[in-house]
Amino acid sequence: MKSILSRFLKLNKNHPRLVDSIILIILLLLFAIANLSIIGNSSASFDEGFSSYIATLSILEISHYTSLDVHPPLYYILLHFWQNIFSNNISTIRSMSLVWSVISLVLAFLLVRKAFSRSSAWVSVFLLMISPLFMYYSHNTRMYTMSLAICLMATYILVLLHSTRRYGTRILLWVVYAILLALGMWTSYFTILIWISHFIWVIYENYSNTKTFHIRKIIPKAMLLSIALSIILYLPWIPFFISRYATVLNEGFWIGPVSIDTLISTLTTMTVLKPAYETSDWMALAVIEWLAISVLLIKRAYRSFNKPDLIFFRLLLITSFVPIIILIMMSMPPLRPSFTYRYVLVSLCFTIILVGIGLAMLKFNKNNHLKKSATATVIILTLSIGSLNFILEGSYNLDTGKKDYISKLLNDIDKISDSNEPVIISSPYTYYAGAIYETQKNKIYYIHNESLKNIGSTMILYDMPQKRGIKELASFIDNYDSIWIITREKNDPIMNSFSNFDVVQSIEINDSKLGDDTMTAIQYNTR
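If you're wondering where the values come from, they're calculated on a predicted model, not measured in any experiment. (Residues numbered from 1 in each chain as written. Predicted model: local features only at pLDDT ≥ 70, side-chain atom pairs only at ≥ 80, totals over all residues. Heavy atoms only, no water.)

### A look at the overall build of the protein
Counting secondary structure elements, the protein contains 24 helices and 6 strands. Computed over its C-alpha atoms, the radius of gyration of the protein comes to 25 Å, within 12% of the 24 Å expected for a compact globule of 527 residues. In terms of overall dimensions, the protein has a C-alpha envelope of 80 × 55 × 45 Å along the principal axes. Going through the 527 residues of the protein one by one, you find that 52% of them count as buried. Of all intrachain contacts in the protein linking residues separated by at least 6 positions in sequence, the fraction that spans at least 24 positions is 71%. With an accessible surface of roughly 24,700 Å², the protein has 63% of that area assigned to carbon and sulfur atoms. Across the protein, the 44 positively charged side chains and the 32 negatively charged ones have centroids separated by 24 Å. (Helix = DSSP H or I, 4+ residues; strand = E, 2+ residues; numbered from the N terminus. Rg over C-alpha atoms; globule rule 2.2 N^0.38 Å. Buried < 20%, exposed > 50% of the residue type's maximum accessible area, 1.4 Å probe, protein only. Contact = heavy atoms within 4.5 Å. Areas by Shrake-Rupley, 256 points an atom, 1.4 Å probe, with all protein chains shown as cover. Lys, Arg positive; Asp, Glu negative; His and termini not counted. Charge placed at Lys NZ, Arg CZ, Asp CG, Glu CD.)

### Points about the packing of aromatic side chains
Considering all chains together, one arrives at 33 aromatic pairs under this definition. On the basis of an interplanar angle of 45° and a centroid distance of 6.5 Å, the ring pair of Tyr137 and Tyr341 is categorised as tilted. Remark: Tyr341 occurs in the loop between helix 17 (307-329) and helix 18 (345-361) and Tyr137 occurs in helix 8 (residues 132-138); sequence separation between them is 204 residues. Take Tyr137: its relative accessible area is 3%, and that puts it in the buried class. (Phe/Tyr/Trp six-rings, centres within 6.5 Å; stacked < 30°, edge-to-face > 60°.)

### Points about the sheet that holds strand 5 (residues 502-510)
Here 6 strands make up an open sheet; going across it, the order is 3-2-1-4-6-5 and the pairing mixed. The sheet is open, and its two edges are formed by strand 3 (469-470) and strand 5, each paired on a single side. In terms of strand pairing, strand 5 meets strand 6 (residues 518-525) through 8 bridges, oriented antiparallel. Each residue of the ladder has a partner; that of Ile509, found in strand 6, is Met519. Of the strands in this sheet, strand 1 (423-425), strand 2 (444-447), strand 4 (482-487), strand 5 and strand 6 touch helix 20 (residues 406-416), which is tilted by about 145° from strand 5. (Pairing = 2+ DSSP bridges. Axes fitted to C-alpha atoms, helices over the stretch in contact; angles between N-to-C directions.)

### Here we look at the nonpolar core
Counting 147 residues, the largest nonpolar core has Phe116, Tyr177, Trp195, Ile460 and Ile486 as the members making the most contacts within it. When residues of this core are assigned to their parent elements, the largest contribution, 13 residues, is made by helix 9 (residues 144-163). Every residue in contact with Ile486, bar those within four places of it in the chain, is listed here: Ile406, Leu409, Leu410, Ile413, Val423, Ile424, Ile425, Ser426, Thr520 and Ala521. (Core = buried A, V, L, I, M, F, W, Y, C linked by side-chain atoms within 4.5 Å.)

### A look at unusual backbone geometry
The step from Pro333 to Pro334 runs through a cis peptide bond, and the omega angle for that step is 10°. Take Pro334: it is sitting in the loop between helix 17 and helix 18. The phi torsion at Leu273 lies on the positive side, around 60°, for a residue other than glycine. Among the structural elements, Leu273 can be located in the loop between helix 15 (260-272) and helix 16 (281-304). For Asp281, which is not a glycine, the phi torsion comes out positive at approximately 55°. Within the secondary structure, Asp281 sits in helix 16. You can call Asp281 exposed: its relative accessible area is 65%.

### Quick word on the pattern of salt bridges
Enumeration according to the criterion identifies 11 salt bridges in this entry. Measuring nitrogen to oxygen at the nearest pair gives 3.7 Å for the salt bridge that ties Asp404 to Arg488. A residue pair is termed long-range when its members are at least 10 positions apart, and Asp404 in the loop between helix 19 (368-393) and helix 20 and Arg488 in the loop between strand 4 and strand 5 qualify at 84 residues. Residue classification places Arg488 among the partly exposed residues on the basis of a relative accessible area of 25%. (Salt bridge = Lys/Arg side-chain N within 4 Å of Asp/Glu carboxyl O.)

### Let's talk about the packing of helix 11 (residues 192-210) against helix 17
Between helix 11 and helix 17, whose axes approach to 8 Å, the crossing angle comes to 140°. The orientation of helix 11 relative to helix 17 falls into the category oblique. As helix 11 runs across helix 17, the sense of the crossing is right-handed. Each of Leu193, Ile194, Ile196, Ser197, His198, Ile200, Trp201, Tyr204, Glu205 and Asn209 in helix 11 lies in contact with helix 17, whose residues at this interface are Lys307, Ile311, Arg314, Leu315, Ile318, Thr319, Val322, Pro323, Ile326 and Leu327. For the contact of helix 11 with helix 17, the residue count by class is 13 nonpolar, 4 polar and 3 charged. (Parallel < 35°, antiparallel > 145°, perpendicular 65-115°, else oblique. Left-handed = near helix turned anticlockwise from the far one by under 90°. Nonpolar A, V, L, I, M, F, W, Y, C, P; charged D, E, K, R; others polar.)

### Details of the pairing of strand 4
Counting buried positions along strand 4 yields 6 of 6 residues, so the element is predominantly enclosed. Burial along strand 4 is two-sided: the residues Ser482, Trp484 and Ile486 and Ile483, Ile485 and Thr487 are all buried. Note: strand 1 against strand 4, 3 bridges, orientation parallel. Following the sheet pairing, Ile425 is matched in strand 4 by Ile486. For strand 4 and strand 6, the ladder comprises 6 bridges, and the chain directions are antiparallel. Bridging across to strand 6, Thr487 finds its partner in Thr520.

What follows is the structure in structure tokens.
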């Protein structure tokens, strides 16, 4: 045993990067395997169903319908190819986000190791790995982990630019940075908050060195050219970006006003994966301790760094908090609210990285090992509570607290029904989630009506009724001996069309968290 340890220590001393690579690969494999083992356990949500559904369209159609929605098309286009290659079952489509989360962990490690130290990199990556919000979106068929990977890569490029003076290398890095800026905007509109933060950091650091506001002194020409190139690369989508923002300003958004509860819920969601109103007793105390210790760690780290390291620490600090501040200000009257935790997910992950750096740098004058261990325990246990909540409860809507059970309902229907018994899902939003679980035995349909064209996310269903839309329900009923209805409403209007038919059987699933939230499947004999 001592021989193995001595060999490892010697290898670590002589070939630290090789040791880093080996350990990182092992950790990433364990992370991926652990997540893959539970990735398909929870039912798909509306957002995931929408992602999968729109990804079945052609690239031109994807571009058209995303121009009517709140996110640009790049993620959906990549998911389109991913589904075509690997199929569109729930585990497969979620695994693309898991791949992006693994890439994010690699980039976070490279960024922190380059800017600070190996120990800081290891601690930061470990905390990010067990972060509940990071884990949640590693299982979610949305663009958030992809956005995170792009933003981490762009931040890493800035660190490399600050560390090299070779002209050719710098030109190449600025070009890569421009491409990443454009890719980020093609993936999520909210990456612009990160790019603004980068811009602010460059201005601040150059002003600190020159003590002048002369534009040529504080904004490098190469950066301006890089931004110009990114705008050119994004040019085809700029009209849609402006159009969507104008629509939000004029018509509003689903997001409510920013309140103190919004901010506290952002903190509790980041740490224990619970909204503020569900965070009580010992869990509330854990979050308060986590916040206090994190502030202390970041503050002490800031004071302990020398000037070169402090420059990079400020980069991460600005990237962590400026986007949150900007989005809060953009949600104040007379503007429309647009702040929600997931739109600042990148910044929240950067905050976790900051805490990791602070923890790695922490030193006490007395009882250093004991005090540092106690500090680390609070940080790790608090995040572990959130991760455990996710593992035990699975995916659920972090905004409403509702859990989707459409996969369980459809699985139960598949077990007890005969072939050629269609399933009609009354809600178009639930239909998106349910469509992922369609089988040859039981086709899944929705009711086609005029209200579908009023919302960007349901416009596809309005325009393409030939897929699974029912325009004439009475005619549709005449074609089948038995039909299933899935609804979340006790007095769903669709039930009126089946009032003259006998109920064969019904399945009810009650949300154990909310109590009064029930999903019901009813089988009618239509003969």
